[in-house]
Amino acid sequence: MPDQTTQARILVFAGSTREASFNKRLARLGARRLDALGAQATFIDLRDYPMPLYDGDLEAEHGLPQNALALRKLLAEHRGLLLASPEYNGFITPLMKNTIDWISRPHEGESGLKLFAGRVAALLAASPGGLGGMRSLTLMRQLLSNIGVTVLPDQLAVAKAGDAFDDDGALTDEAHQKKLDAICQRLVDTTRLFNR
């Protein structure tokens, strides 16, 4: 078991609040794989962190929502990110964008972007369609890179997601399983390097 200086702490979530979300299943599976590889994965459900649509006037009057502050604290405690990004009309979900918009805002003189600096991320997606959410991954990569996150080149897009999981939540396709394992291993290794 790695000691605290090399422990890979990785925050895991999906850009969906839907209970039966394929991306939430994929994120949970990724968190289990990270734990099995010796990381400390923290899976969160964004349903537990509701926030209003970002509004500069609302921010000026009330500051950051309590859930944005809670997410900022979680982000500060984790060097790695494993994100599962659903695709809505070829784009990332409003939930994912709104979450990042709120937590990247400055707070009490500290830049929100500073929180993202020195973080490393891996990206996953699942979709009932034939592309597996690939278009959302391109946009997530651009967004995260713009705010200072190092995004690993490896990614997994699971197409025809309605048939991709068994009753226990595991991927039914062996190639998908192996790719997820390889992505998780690379994320663990890179997060440990970023901890030094």
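Heads up: the structure comes first, above all this text.
Note that the structure is predicted; figures quoted are calculated from it, not measured.

Engineer: Please clarify how the pattern of salt bridges should be interpreted in this entry.
Structural biologist: Should the charged atoms of two oppositely charged side chains come close, the side chains can pair. Taken as a whole and assessed by the stated rule, the structure comprises nine salt bridges. A salt bridge links Lys-24 to Asp-45; its shortest N-O distance comes to 2.9 Å. Highlighted residues: Lys-24 in helix H1 (residues 22-36) and Asp-45 in the loop between strand S2 (40-43) and helix H2 (56-62), separated in sequence by 21 residues. Per residue, the accessibility class of Lys-24 equals that of Asp-45, and both read buried.

Engineer: Please explain the packing of aromatic side chains as it appears in this structure.
Structural biologist: Applying the stated criterion across every chain yields a total of one aromatic pair. For the pair Tyr-54 and Trp-102, a centre-to-centre distance of 4.9 Å together with 70° between the ring planes defines the contact as edge-to-face. With a gap of 48 residues between them, Tyr-54 in the loop between S2 and H2 and Trp-102 in helix H4 (residues 94-103) connect regions that are remote in the sequence. One Lys or Arg, Arg-18, reaches over the ring of Phe-22 and ends 5.9 Å from the middle of that ring.

Engineer: I would appreciate a short explanation of empty space enclosed by the protein in the present structure.
Structural biologist: Summed over the entire model, instances satisfying the criterion amount to one cavity of 30 Å³ or more. Every residue lining the largest cavity is counted, 13 residues in all, and those nearest its centre are Leu-11, Phe-13, Leu-75, Leu-81 and Ile-103. The set of elements that each furnish at least two residues to the lining of the largest cavity consists of strand S1 (9-14), helix H3 (66-76), strand S3 (80-84) and H4. A per-element tally of the lining of the largest cavity places H4 first, with three residues. For the lining of the largest cavity, the class distribution of residues is twelve nonpolar, one polar and no charged.

Engineer: It is not clear to me how the pairing of S1 should be interpreted in this structure. Could you clarify?
Structural biologist: For a regular strand, side chains alternate in direction, first toward one face of the sheet and then toward the other. Buried residues dominate S1, accounting for five of its six residues. Here S1 pairs with S2 via four bridges, running parallel. Its bridge partner being in S2, Val-12 is matched across the sheet by Phe-43. In this view, the connection linking S1 to its parallel neighbour S2 by way of H1 has right-handed handedness. Note that S1 and S3 share five bridges and pair parallel.

Engineer: Please clarify how the nonpolar core should be interpreted in this entry.
Structural biologist: One recurring pattern in soluble globular proteins: nonpolar side chains tend to sit buried together. Counting residues in hydrophobic clusters, the biggest one holds 31 residues, and the most contacted among them are Ile-44, Leu-71, Leu-83, Ile-100, Phe-116, Met-140 and Leu-144. Of all the secondary-structure elements, those providing two or more residues to this core are S1, H3, S3, H4, helix H5 (112-116), strand S4 (120-126), helix H6 (134-146) and strand S5 (150-158). If sequence neighbours within four positions are ignored, Leu-71 has contacts with Ile-44, Leu-46, Tyr-49, Met-51, Thr-99 and Ile-103. Membership of the second largest hydrophobic core comes to 30 residues, among which are Ala-8, Val-12, Val-120 and Leu-124.

Engineer: What's the story with the packing of H4 against H6 in this structure? I'm lost.
Structural biologist: Working note: a packed helix pair is described by the angle between its axes plus the distance between those axes. At their nearest, the axes of H4 and H6 sit 12 Å apart, and the two run at 5° to each other. As far as their axial angle goes, H6 and H4 are roughly parallel. Residue-level contacts link Met-96, Lys-97 and Ile-100 of H4 to Met-140, Leu-143 and Leu-144 of H6. Counted by class, the contact of H4 with H6 contains five nonpolar, no polar and one charged residues.

The rules behind each value
Each chain carries its own residue numbering, running from 1 in the direction its sequence is written. Residue-level local features of this predicted model are given only where pLDDT is at least 70; pairs of side-chain atoms are given and counted only at 80 or more, and the full residue set underlies all totals for whole chains, interfaces and linings. With hydrogens and water excluded, all non-hydrogen atoms of the structure serve as input to the side-chain values. Only one rule defines a salt bridge in this text: a Lys or Arg side-chain nitrogen within 4 Å of an Asp or Glu carboxyl oxygen. Going along the chain from the N terminus, every DSSP run of H or I of four or more residues is numbered as a helix, and every run of E of two or more is numbered as a strand. Classification of residues uses two cut-offs on accessible area relative to the type maximum, computed with a 1.4 Å probe and protein chains only: under 20% is buried, over 50% is exposed, and between them is partly exposed. Centres within 6.5 Å are what make two rings of Phe, Tyr or Trp a pair, Trp counting through its six-membered ring; a difference in plane orientation under 30 degrees is then read as stacked, over 60 as edge-to-face, and the rest as tilted. For a lysine, the NZ atom is tested; for an arginine, the CZ atom; a charge sits over a ring if that atom is within 6 Å of the ring centre and within 35 degrees of the ring normal. As defined here, a cavity is a set of points on a 1 Å grid over the protein atoms alone where a 1.4 Å probe fits but cannot get out. A pocket is an open set with protein on both sides within 12 Å along at least five of seven lines, and residues line them when an atom is within 4 Å of a point. Grid points are joined across faces, edges and corners, and a volume is the space filled by probe spheres set on the points. Nonpolar residues are Ala, Val, Leu, Ile, Met, Phe, Trp, Tyr, Cys and Pro. Charged residues are Asp, Glu, Lys and Arg, and all others, Gly as well, are polar. In this scheme, strands are said to pair when DSSP sees at least two bridges between them. Assignment of crossover handedness uses the view with strands pointing away from the viewer, where a clockwise path from the first strand over the helix to the second indicates a right-handed crossover. Grouping buried Ala, Val, Leu, Ile, Met, Phe, Trp, Tyr and Cys residues that are joined through side-chain atoms within 4.5 Å yields what is termed a nonpolar core. Only heavy atoms enter the contact rule, under which two residues are in contact if any of them lie within 4.5 Å. Under this scheme, a helix contributes an axis fitted over its contacting stretch, all axes are lines through C-alpha atoms, and angles between N-to-C directions fall in the 0 to 180 degree range. The scheme is simple: roughly parallel for angles under 35 degrees, roughly antiparallel for over 145, roughly perpendicular for 65 to 115, oblique for anything else.

In short, the description is geometric, and any link to function would need to be established separately.
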